[in-house]
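# Analysis of the macromolecular model
Take a look at the letters that make up each chain.
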Amino acid sequence: MSASKALKWITGSFEIILAIPFLGAAIVIGTWYSALGFMFILHLVTLILSLKNNESIYGSVLGIITSLLAWIPLVGWVLHLITGILLMVSGGQKTRYPSNHTYRQ
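A brief report on the enclosed structure follows. (Residues numbered from 1 in each chain as written. Predicted model: local features only at pLDDT ≥ 70, side-chain atom pairs only at ≥ 80, totals over all residues. Heavy atoms only, no water.)

Glancing now at the overall build of the protein. Scanning the protein from N- to C-terminus turns up 5 helices and 0 strands. For the protein, the sequential pattern of α-helices and β-strands runs α-α-α-α-α. A buried classification covers 34% of the 105 residues belonging to the protein. Sequence-distant contacts in the protein: of pairs separated by 6 or more residues, those separated by 24 or more amount to 71%. Counting only carbon and sulfur atoms, one obtains 74% of the accessible surface of the protein, whose full area is about 6,800 Å². (Helix = DSSP H or I, 4+ residues; strand = E, 2+ residues; numbered from the N terminus. Buried < 20%, exposed > 50% of the residue type's maximum accessible area, 1.4 Å probe, protein only. Contact = heavy atoms within 4.5 Å. Areas by Shrake-Rupley, 256 points an atom, 1.4 Å probe, with all protein chains shown as cover.)

Let's shift gears to the nonpolar core. Counting residues in hydrophobic clusters, the biggest one holds 7 residues: Leu-7, Leu-18, Val-28, Leu-36, Met-39, Leu-42 and Ala-70. At the level of secondary structure, the elements contributing two or more residues to this core comprise α1 (3–18) and α3 (34–52). Of the residues forming this core, the biggest block, 3 residues, is contributed by α3. When near neighbours in sequence (up to four residues on either side) are disregarded, Val-28 contacts Leu-18, Tyr-33, Ala-35 and Leu-36. (Core = buried A, V, L, I, M, F, W, Y, C linked by side-chain atoms within 4.5 Å.)

What follows covers a nonpolar patch on the surface. A cluster of nonpolar side chains, contributed by Ile-16, Tyr-58, Leu-74, Trp-77, Val-78, Leu-81, Ile-82, Ile-85 and Val-89, occupies part of the molecular surface with about 740 Å² of accessible area. With 7 residues, the single largest contributor to the nonpolar patch is helix α5 (residues 73–92). Following the sequence through the fold, Val-78 ends up in helix α5. (Patch = residues over 30% accessible without salt bridge, like charges linked within 9 Å, V, L, I, M, F, W, Y side chains within 5 Å. Salt bridge = Lys/Arg side-chain N within 4 Å of Asp/Glu carboxyl O.)

We now examine the environment of Tyr-58. Within the fold, Tyr-58 resides in helix α4 (residues 58–69). The exposure class of Tyr-58 is partly exposed, given its relative accessible area of 34%. The sequence separation of Tyr-58 and Leu-47 amounts to 11 residues, and the corresponding C-alpha distance is 8.7 Å. When residues no more than four places from it in sequence are discounted, the contact partners of Tyr-58 are Leu-86, Val-89, Ser-90 and Gln-93.

Following the sequence through the fold, Thr-11 ends up in helix α1. Excluding anything up to four places from it in sequence, Thr-11 contacts Met-39, Leu-42, His-43, Thr-46 and Leu-87.

See the structure below:
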């Protein structure tokens, strides 16, 4: 398992925890919103590693957007839930490496 896939599972798990209505709000508000900054950094690192490994990036991009907009109460809950699910799905996908075959004409 690559580091980017492991980070997708980790960030996806964190996002699902933050999507739990009262627990997620308590974590975000209890850390004075620094949890969102921490998640932003984790999503950015995951995005960079995913680009380097030619893996899907949609979960990490949505995670960055979620980190920026999650301070809005209902919007934050929905974004955390969707982002967590997408990161788990992309973390479980097989990596598609580009083919190095050359074809004769």
